[in-house]
Amino acid sequence: MVISTTSTDSGEHLNSTFASRYVRSPVPRFSENGFKMPENSMPKEAAYQVITDELMLDGNPRLNLASFVTTWMEPECDNLIMASLNKNYVDMDEYPVTTELQNRCVNMIAHLFHAPVGDKETAVGVGTVGSSEAIMLAGLAFKRKWQQRRKAQGKPCDKPNIVTGANVQVCWEKFARYFEVELKEVKLTEGYYVMNPEKAVELVDENTICIAAILGSTLTGEFEDVKRLNDLLTKKNAETGWDTPIHVDAASGGFIAPFINPELEWDFRLPLVKSINVSGHKYGLVYAGVGWVVWRTNDDLPDELVFHINYLGSDQPTFTLNFSKGSSQIIAQYYQFIRLGFEGYKNVIENCLENARVLKEGLEKTGRFVIVSKDVGVPLVAFSLKDSSKHTVFEISESLRRFGWIIPAYTMPPNAQHVAVLRAVIREDFSRTLAERLISNIEEVLKEMDSLPSRISTREAHVTATIHEIQGGKPDGKPLKKSVRETQEEVTRIWKRFVDGRRTGAC
Ligand SMILES: *Cc1c(COP(=O)(O)O)cnc(C)c1O
């Protein structure tokens, strides 16, 4: 049968969408070859149905434990978001109230992070698309400040570097590559998955624009010791006459520590901390698309980086990488701040930590896992298999997909690549019932795996078994045949076979 392709099908406006030809034609439907825009229009109901149906095959965001990014908000806030979808944030002149809400958010965050601002002063900061943009801006400010210092001293400023742990989020590597700054990474070691402050300070030289510490390592949720870093760096600065500052990447921890660990000094209470970024769309509890960067004082943001544009008749200072963007996320952030208040955020995070504890205890009870994450930090559970000689965390990750769970498995950065973990991020919409269900699904997967033949070859099994000897020592006390380093490298190669071609999904 020939299906008519004109837009005057009989019954087009009478038939239900599923009785129309649109549900059996390929989309894009009228192009002869590939992905061209279709020649003709289709009814809105059909377009809606066709797209909705295809999107059903995406994972369920609520079961996506790979991500820190918010997947649930109150319906009232959804309404606010929908109502402001048509507002371009950059039209500050036309939407002064939206701009004002952003400024209030910046001030609230600056106070939360103990920025030295008076009650009547406005804090220095800006809303961004996420922590990535915030980090680019903070990094640029450090680079410019360093260049200014070097030029004033008549010294060359063509080889800037930045010191981080090897556990940094990929956006720091992006910053380094896009803005031509060398990334000097402190290597990790097994059992210690954050930046070692001593080693970081050792890496600092006269070309270091800043050290970036992470509050809430993406891999294990652990808070880095910013206070110790501040103390060590203060000493080194005094000895060398350099002026190396600290940036804190508090993408996830910035909305955790102030509520749960108020005594922990990681923020502007430490004199060398000059800027901090935080993701509004992580524990700031807003859907994807908002982040924040705050500077300690006006002096820490070089004036040359701020653009003053005469936009539709008024002066508009901007410091962002892009121009137009939506307003919804800023408004949604403001909603969360006034709706939840300090009390509400504290309760949400406490619930997350409690559910993380339930999950962790459930995993420990199986006797099969080593918990890699710490109790203080971002509510997540990172765990590795005690025995990977027959099955791996990558298989567990794959099997859990069948239940709908998205839990990534990945190997640690250098020099801990031989350690492979699973990571479940606990967000506010992951309730205890879900935690218990996840545990029982993991138990099922383990049972199933035990009954299946191993996909690991004998040689590989030997190598992964050897790693346990490194960890626990040989029972008979005999020395290992190979060096620890050789064995680690071999194990890493084997992990690679499981990981290759797969996203790590750790964001
Ligand atoms: C998520 C994350 C980022 C990137 O932030 P986006 O908000 O996704 O752009 C950077 N650093 C850390 C530590 C993160 O957890």
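Residues numbered from 1 in each chain as written. Predicted model: local features only at pLDDT ≥ 70, side-chain atom pairs only at ≥ 80, totals over all residues. Heavy atoms only, no water.

As recorded in an unreviewed UniProt entry, the protein chain goes by the name Glutamate decarboxylase, listed as coming from Xanthoceras sorbifolium. In its Cofactor (unreviewed entry) section, UniProt records this for the protein chain: "pyridoxal 5'-phosphate". Checking UniProt for the protein chain, the heading Catalytic activity (unreviewed entry) contains the comment "L-glutamate + H(+) = 4-aminobutanoate + CO2". (UniProt positions renumbered as here; feature names shortened; annotations may be inferred.)

**Topic: the packing of helix α10 (residues 393-400) against helix α11 (residues 432-451)**
When two helices pack together, their arrangement is given by the angle between their axes and by how far apart the axes lie. Taken N-terminus to C-terminus, the directions of α10 and α11 make an angle of 120°; their axes are 10 Å apart at the nearest point. If you check the angle between α10 and α11, you find them oblique. Here α10 and α11 pass one another in a crossing that is right-handed. In this structure, α10 contributes Glu395, Ile396, Ser399 and Leu400 to the contact, and α11 contributes Leu438, Asn441, Ile442, Val445, Leu446 and Met449. (Axes fitted to C-alpha atoms, helices over the stretch in contact; angles between N-to-C directions. Helix = DSSP H or I, 4+ residues; strand = E, 2+ residues; numbered from the N terminus. Parallel < 35°, antiparallel > 145°, perpendicular 65-115°, else oblique. Left-handed = near helix turned anticlockwise from the far one by under 90°. Contact = heavy atoms within 4.5 Å.)

**Side note on the packing of helix α4 (residues 131-152) against helix α5 (residues 170-178)**
Their axes nearest at 10 Å, the elements α4 and α5 cross at an angle of 45°. Here α5 runs oblique to α4, going by the angle between their axes. As α4 packs across α5, the resulting crossing turns out to be right-handed. Across the interface between the two elements, Ser132, Ile135, Met136, Gly139 and Leu140 of α4 pack against Cys171, Trp172, Lys174 and Phe175 of α5. Residues of the contact of α4 with α5, tallied by class, amount to six nonpolar, two polar and one charged. (Nonpolar A, V, L, I, M, F, W, Y, C, P; charged D, E, K, R; others polar.)

**A word on the site of the ligand**
Taken together, 14 residues sit near the ligand, with Ser132, Asp249, Ser279, His281 and Lys282 positioned nearest. Ser132 is positioned such that a nitrogen or oxygen atom in its side chain is 2.6 Å from an oxygen atom of the ligand. Here an oxygen atom of the ligand and a side-chain polar atom of Lys282 are 2.7 Å apart. Starting from 380 Å² of accessible surface for the ligand in isolation, the protein chains cover 92%. In terms of residue count, the dominant contributor to the shell around the ligand is α4 (three residues). (Near = heavy atom within 4 Å. Polar contact = N/O pair within 3.5 Å; in protein donor to acceptor, adjacent residues only side chain to side chain. Areas by Shrake-Rupley, 256 points an atom, 1.4 Å probe, with all protein chains shown as cover.)

**Quick look at the pairing of strand β5 (residues 246-249)**
Walk down a regular strand and you will see the side chains alternate between the two sheet faces. Of the two faces of β5, both are covered, the one formed by Ile246 and Val248 as well as the one formed by His247 and Asp249. Both strand β4 (residues 208-214) and β5 contribute to a ladder of four bridges, which runs parallel. Following the sheet pairing, Ala212 is matched in β5 by His247. The β-α-β motif built from β4, the intervening helix α7 (residues 226-240) and the parallel element β5 has right-handed crossover chirality. Sheet topology places β5 next to strand β6 (residues 273-279); four bridges connect them, and they run parallel. Across the sheet, residue Asp249 finds its bridge partner in β6, namely Asn277. (Buried < 20%, exposed > 50% of the residue type's maximum accessible area, 1.4 Å probe, protein only. Pairing = 2+ DSSP bridges. Right-handed = clockwise from strand over helix to strand, strands pointing away.)

**With respect to the packing of aromatic side chains**
Within the structure shown, the criterion is met by twelve aromatic pairs. Their ring planes at 70° and their centres at 6.5 Å tell us that Phe68 and Tyr283 sit as a pair that is edge-to-face. Of the two residues, Phe68 is situated in the loop between α1 (44-55) and α2 (75-83) and Tyr283 in the loop between β6 and β7 (291-295); the sequence distance between them amounts to 215 residues. Both residues of the pair, Phe68 and Tyr283, count as buried. A centroid spacing of 5.6 Å and a plane angle of 35° characterise the contact between Phe175 and Phe179, whose relative ring orientation is tilted. Since its relative accessible area comes to 22%, Phe179 is described here as partly exposed. A network of ring pairs unites the aromatic residues Phe255, Phe259, Phe337, Phe342 and Tyr345 as a single cluster. The ring of Tyr89 has Lys325 lying over it, and the distance from NZ or CZ to the ring centre is 5.3 Å. (Phe/Tyr/Trp six-rings, centres within 6.5 Å; stacked < 30°, edge-to-face > 60°. Lys NZ or Arg CZ within 6 Å of the ring centre and 35° of its normal.)

**Quick word on the nonpolar core**
Membership of the largest hydrophobic core comes to 107 residues, with the highest contact counts inside it found for Ile211, Val248, Trp266, Tyr283, Ile396 and Leu438. It is helix α9 (residues 328-366) that provides the largest number of residues to this core, a total of 15 residues. In contact with Val248, other than residues within four places in its own chain, are Ala213, Leu215, Val226, Trp266, Val273, Ser275, Ile276 and Asn277. In this structure, Val124, Ile135, Met136 and Ile214 belong to the second largest nonpolar core, which totals 27 residues. (Core = buried A, V, L, I, M, F, W, Y, C linked by side-chain atoms within 4.5 Å.)

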